[in-house]
Amino acid sequence: MDNPRLGYLSDKAKKLPMQPGIYIMKDKKGEIIYVGKAKSLKNRVSSYFRSVEKHLSKVYKMVEHVWDFEYIVTRSEFEALILECSFIKLHTPKYNILLKDDKGYHYIKITPGEYGRIVPTHQKLKDGARYIGPYISSYVTSQTVDEVNKAFLLPTCNRKFPQDIGKGRPCLNYHIKQCMAPCTGRISVAEYNEALEQAVEFIKGDNQEIQKKILQMMYDASEREEYEKAARYRDRLNAIKNVGATQKVVSIRYEEEDVIAFVQGTVNSCAVVLKFRGYKLVDKEYFLQDVAEDIPEARARFLMEYYDMKEEAPKTVVVDGEVEHCAELEEYLSEKTGHAVHLLIPQKGDQKELIDMARENASQHISEKTRRTSREISALDELSRLLGLHKIPEYIEAYDISNIGSEVIVAGMVVFDGGRPLRGAYRKFSVRTVTDKPDDYASMREVIARRLERYHQHKDEGIGFGRMPDLILLDGGRGHVGAVKPLVREMGFDIPIFGMAKDDRHRTRVITTEDGELSVASYRGAFDLLTSIQDEVHRFSIEYSRSKHRTKGMESMLKSVPGIGPKRVQNLFLRFKTIKAMKAATIEELAQTPSMTHEASTSLYRFLHEADETNT
């Protein structure tokens, strides 16, 4: 850390009161760069200026630029939250997450010409086209255009009409009955524009009237025995009805509500707001933010800022988890909007399904901004919630003990980084202190102790043993956790530690803690990730155990050769690695091994080749 004021800031923070309030960080120019709230000003502000290396990257960068700070004491923590949001809105500090309503106006454009198209646009130009709007939501605009083009079988391809009529076969949309295919030349300009105008009327809200009109046109065509045209009217009518049906697939309990979910990624977090009005989804908003250290606090701050920005809120706001100061926030939003606002945290049923949908959308949005899949992001986020962690466990280490009697006791360590195996970071351990009889608990304690001791040797490297895991998983039950957790605390580390227990089908059944078990059944993404981790660490440790056992057998075999003792066996394996390599060596090459004599090398050479001589 290059901040020369760190000592001064730390001393100043120690003099702050143990009361709630807000703190205002300033840079060298006196500009406000961060505003935060605290339950205890002294504890919170002091935390910024100690163990700086452990901070998240955003916090670390902010602390680097802090030259001084001010504070304001409040009567309650919730009052501090209100004041914090007010200051953030007023000063827009560089390191604060300020929600910005970056939506402009959006329009539906009907292009000019004989074969007009219906397309979404965010600009209204003087180009001879017709425009419907403005709309606030790009989501609503795009969704409406997509639905109306499908319902009225209007083309969405890149072909230009009438120039491209008859040039090539109709595309897939025609065959799945989502386009009338004017490219075939069987649709007249009049019939095409009739469908186009009906689509425009549909967008403007004349749904029932349009259906009646098309129904009558279908009957009239049938009366004139124009059956092909009547069939096209029938298909158009069915498509319009299907649009209405798809809008009702997602049902909600209340006429209007917002569904809000937070998903933590390894680099960003994302808040998604699904807006329901008139019992159907009308809008979707994303807010990409930095990773939050405290999710309940982050939810409260987001709700405060979001509805302060919108100036209105529905009577029901569905959220995906605990909200700090929930009762006070409900009262604040109720007073602000002039009607009762209730925060709902569903545990099951249709509202929980909406939360799951929102979470999936948030995971997908993070996925689009990073190189991770939405499945990986969702799994890590679920695992964080399942275990009650304060941050996403981006870097996970898992351990498993494998033994064949007391002769060969080994452990495997596998690493998952961002939900993916990081095989270059895998490590193998031969247990040294457990020799009398197998003891998985003592073996695990030895392995974890050796791993953490190596951290001090390599921490400046920041990779391998020099990187601290966000989570340690042990292949085992409560006993393993109880044996290891006190050791980790004694060594001065604060790392979440949990066990993994399998069911009869060798899938991760539960997560074990010192006090009990956590079921993973309702966390599908976390379940799949944990099963992958447990399978991988078990495979890795078993393979190492078998390899060691084979090596032990080979060592015993070599010790039976006259003149070959434990030290010479060790030197031979250090030089040649395998029996195959020793067998390929000459007597002179064997003799070059430290401590080996020509006589011992001759005996070993004869021993390794006597089987071949016997078979000759």
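Residues numbered from 1 in each chain as written. Predicted model: local features only at pLDDT ≥ 70, side-chain atom pairs only at ≥ 80, totals over all residues. Heavy atoms only, no water.

### Details of the pattern of salt bridges
Where charged atoms from two side chains of opposite charge come close, those side chains can pair. Under the counting rule described, the total for this entry stands at 33 salt bridges. Close ionic contact of Glu-397 with Arg-451 constitutes a salt bridge, the shortest N to O distance being 2.7 Å. Taken as a pair, Glu-397 in strand S12 (residues 395–404) and Arg-451 in helix H14 (residues 440–458) lie far apart in primary sequence, 54 residues in all. Judged by relative accessible area, which is 0%, Glu-397 ranks as buried. The buried category is assigned to Arg-451, whose relative accessible area is 1%. Between Glu-543 and Arg-539 there is a salt bridge whose closest N-O contact spans 3.0 Å. Pair noted here: Glu-543 and Arg-539 are both in helix H16 (residues 524–559), with a separation of 4 residues, about one helical turn. Classification of Glu-543 as partly exposed rests on a relative accessible area of 42%. (Salt bridge = Lys/Arg side-chain N within 4 Å of Asp/Glu carboxyl O. Helix = DSSP H or I, 4+ residues; strand = E, 2+ residues; numbered from the N terminus. Buried < 20%, exposed > 50% of the residue type's maximum accessible area, 1.4 Å probe, protein only.)

### Notes on the pairing of strand S17 (residues 497–502)
Two faces, one strand: in a regular strand the side chains alternate between the faces of the sheet. By the criterion of burial, S17 is predominantly enclosed, with 5 of the 6 residues buried. In this sheet, S17 lies alongside strand S16 (residues 471–475) in parallel orientation, the contact comprising 4 bridges. Across the sheet, residue Ile-472 finds its bridge partner in S17, namely Ile-497. For the crossover from S16 across helix H15 (residues 478–490) to S17, the handedness is right-handed. Sheet topology note: the S17/strand S18 (residues 508–512) ladder contains 4 bridges and is antiparallel. Bridge pairing links Met-500 to Ile-511 in S18. (Pairing = 2+ DSSP bridges. Right-handed = clockwise from strand over helix to strand, strands pointing away.)

### What to know about empty space enclosed by the protein
Think of a ball as big as a water molecule: rolled over the atoms, this probe shows where empty space is left. Enumeration over the complete set of coordinates arrives at 2 cavities of 30 Å³ or more. Of the volumes computed, that of the largest cavity is approximately 70 Å³. In this structure, the largest cavity is lined by Pro-155, Cys-157, Arg-159, Phe-161, Pro-170, Cys-171, Tyr-174, Cys-179, Ala-181, Pro-182 and Cys-183. Here the residues of the lining of the largest cavity sort into 10 nonpolar, no polar and 1 charged. (1 Å grid on protein atoms, 1.4 Å probe; cavity = no way out; pocket = protein on both sides within 12 Å on 5 of 7 lines; lining within 4 Å. Points joined across faces, edges and corners; volume = space filled by probe spheres on them. Nonpolar A, V, L, I, M, F, W, Y, C, P; charged D, E, K, R; others polar.)

### Observations concerning the sheet that holds strand S3 (residues 68–73)
The 3 strands are arranged S2-S1-S3 in an open sheet whose pairing can be described as antiparallel. Across the chains shown, the open sheet's two edge strands, defined by having one partner strand only, are strand S2 (32–38) and S3. Within the sheet, the average angular offset between the axes of one strand and its neighbour, ignoring direction, is 20°. The sheet contacts of helix H2 (residues 41–48) involve strand S1 (21–26), S2 and S3, and relative to S1 the element is tilted by about 25°. Contacts between helix H4 (residues 77–91) and the sheet are confined to S1, S2 and S3, with S2 contributing the most and set at about 165° to the helix. (Axes fitted to C-alpha atoms, helices over the stretch in contact; angles between N-to-C directions. Contact = heavy atoms within 4.5 Å.)

### Re helix H12 (residues 349–369)
For H12, built from 21 residues, the straight-helix expectation of 30 Å at 1.5 Å per residue is met to within 8% by its first-to-last C-alpha distance of 31 Å. Listed as buried for H12 are Gln-351, Leu-354, Ile-355, Ala-358, Arg-359, Asn-361, Ala-362, Ser-363, His-365, Ile-366 and Ser-367. Close packing links the buried residues of H12 with strand S7 (256–264), strand S8 (268–277), strand S9 (280–290), strand S10 (316–319), strand S11 (342–344) and helix H13 (374–387). (Expected span 1.5 Å × (residues − 1).)

### Examining the confidence of the model for the protein chain
Summary statistics for the protein chain give a mean pLDDT of 85 and a share of 92% for residues scoring 70 or more. The spread of mean pLDDT over the elements of the protein chain runs between helix H9 (residues 227–247), the lowest at 72, and S1, the highest at 96. (pLDDT = per-residue confidence, 0-100.)

### Remarks on the layout of surface pockets
Volume-wise, the second largest pocket comes out at about 860 Å³. The wall of the second largest pocket is formed by 33 residues, among which Arg-299, Asp-320, Arg-359, Arg-385 and Tyr-523 lie closest to the centre. Elements supplying a minimum of two residues to the lining of the second largest pocket: S7, helix H10 (295–310), H12, H13 and H16. The element best represented in the lining of the second largest pocket is H12, accounting for 6 residues. Each residue belonging to the lining of the second largest pocket can be placed in one class, and the counts come to 10 nonpolar, 10 polar and 13 charged.

### Points about the sheet that holds S8
Strand pairing in a sheet relies on backbone hydrogen bonds. The paired strands run either parallel or antiparallel. Judged by pairing direction, the sheet is mixed, and its 5 strands sit side by side in the order S9-S8-S7-S10-S11 without closing on themselves. In this open sheet, the two strands that pair with only one neighbour each are S9 and S11. The average undirected angle you get between the axes of adjacent strands in this sheet is 20°. Pairing geometry for S8 and S9, over 10 bridges, is antiparallel. Pairing of Leu-274 across the sheet is with Lys-284, part of S9. The strands that H10 touches are S7, S8, S9, S10 and S11; relative to S7, the one it contacts most, it runs at about 135°.

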